[in-house]
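# Residue-level structure breakdown
As a plain string of letters, each chain reads:
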Amino acid sequence: MPAWIWVGMREGALLAVLVALAFLAVGWEWAAGVAWGVGVIAAGRLVRGWLLGAWVRESRGGPAAGLAAFSRQVLLGVLSFGGIALGLEPLAVAVGLLLPTAGRWIWTVRVARALG
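Description of the structure in this document.

This paragraph deals with the nonpolar core. One finds Met 9, Ala 16, Val 34, Val 38 and Leu 99 to be the most contacted residues of the largest nonpolar core, which totals 13 residues. Residue assignment for this core shows that the elements contributing at least two residues are α1 (9-23), α2 (28-57) and α4 (90-115). A per-element tally of this core places α2 first, with 7 residues. Among all residues touching Leu 99, those that are not within four sequence positions of it are Gly 12, Leu 15, Ala 16, Val 19, Val 34 and Val 38.

With respect to the element layout, Glu 89 can be found in the loop between α3 (61-85) and α4. Its relative accessible area of 29% is what places Glu 89 among the partly exposed residues. Taking C-alpha positions, Glu 89 is 5.8 Å from Gly 33, a pair spaced 56 residues apart along the chain.

At a minimum axis distance of 7 Å, the contact between α1 and α4 shows a crossing angle of 135°. Looking at the two axes, α1 sits oblique to α4. For the element pair α1 and α4, the recorded crossing hand is right-handed. In this structure, α1 uses Met 9, Arg 10, Glu 11, Gly 12, Leu 15, Ala 16, Val 19 and Phe 23 to contact α4, whose residues at the interface are Ala 92, Val 95, Leu 99, Pro 100, Ala 102, Gly 103, Ile 106, Trp 107 and Arg 110. Taken together, the residues of the contact of α1 with α4 sort by class into 12 nonpolar, 2 polar and 3 charged.

Rules behind the numbers
- Residue positions are given per chain, counting from 1 as you read along its sequence in written order.
- Where local features are concerned, this predicted model is filtered to residues with pLDDT of at least 70; where side-chain atom pairs are given and counted, the filter is 80 or more; whole-chain, interface and lining totals use all residues.
- Each side-chain value is worked out from all heavy atoms of the structure, with water and hydrogens disregarded.
- By convention a nonpolar core is built from buried Ala, Val, Leu, Ile, Met, Phe, Trp, Tyr and Cys residues, the set being connected through side-chain atoms within 4.5 Å.
- To sort residues, take the accessible area from a 1.4 Å probe on protein chains only and compare it with the maximum for the residue type: under 20% means buried, over 50% means exposed, and anything in between is partly exposed.
- A helix here means a DSSP run of H or I that spans at least four residues, while a strand means a run of E at least two residues long, and both kinds are numbered starting from the N terminus.
- Note on definitions: a residue-residue contact is assigned when non-hydrogen atoms from the two residues lie within 4.5 Å.
- Inter-axis angles, ranging from 0 to 180 degrees, are taken between N-to-C directions of lines fitted to C-alpha atoms, where helices are fitted over the stretch in contact.
- Throughout this description, any angle smaller than 35 degrees is read as roughly parallel, any larger than 145 degrees as roughly antiparallel, any in the 65 to 115 degree range as roughly perpendicular, and the remainder as oblique.
- With the far helix as reference, a near helix turned anticlockwise by less than a right angle produces a left-handed crossing, and one turned clockwise produces a right-handed crossing.
- Each residue gets one of three labels, nonpolar for Ala, Val, Leu, Ile, Met, Phe, Trp, Tyr, Cys and Pro, charged for Asp, Glu, Lys and Arg, and polar for the others, Gly among them.

This is the structure in structure tokens:
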């Protein structure tokens with residue numbers, strides 16, 4: 001599994017903990033929705049890395065990237081709607097889906113500052 005799959009997930013998870021604790025004051029559905037959203041992104045990145053690795057080894061680079069992206073989007077959609085169907089707050093799930101991206105931005109800024 002390539003390490004770039006997890007870029008920004010640590011920062012996103014730390015943000016998710018803070019936001020989930022803040023949302024806990026509103027209700028458990030909000031806090032669980034944030035955790036669900038971050039988990040969905042982690043699952044999507046894991047599947048994407050696994051699919052890309054398998055397909056590139058079989059020399060199907062270009063179409064493999066497109067298929068991996070499509071498969072990941074379908075997985076994210078199904079899991080997101082599944083969390084909402086379980087009774088989690090839709091806005092909290094959406095916030096959870098955004099936090100790993102915010103973590104990737106934080107990681108990028110941190111690395112850029114470290115490099116000078």
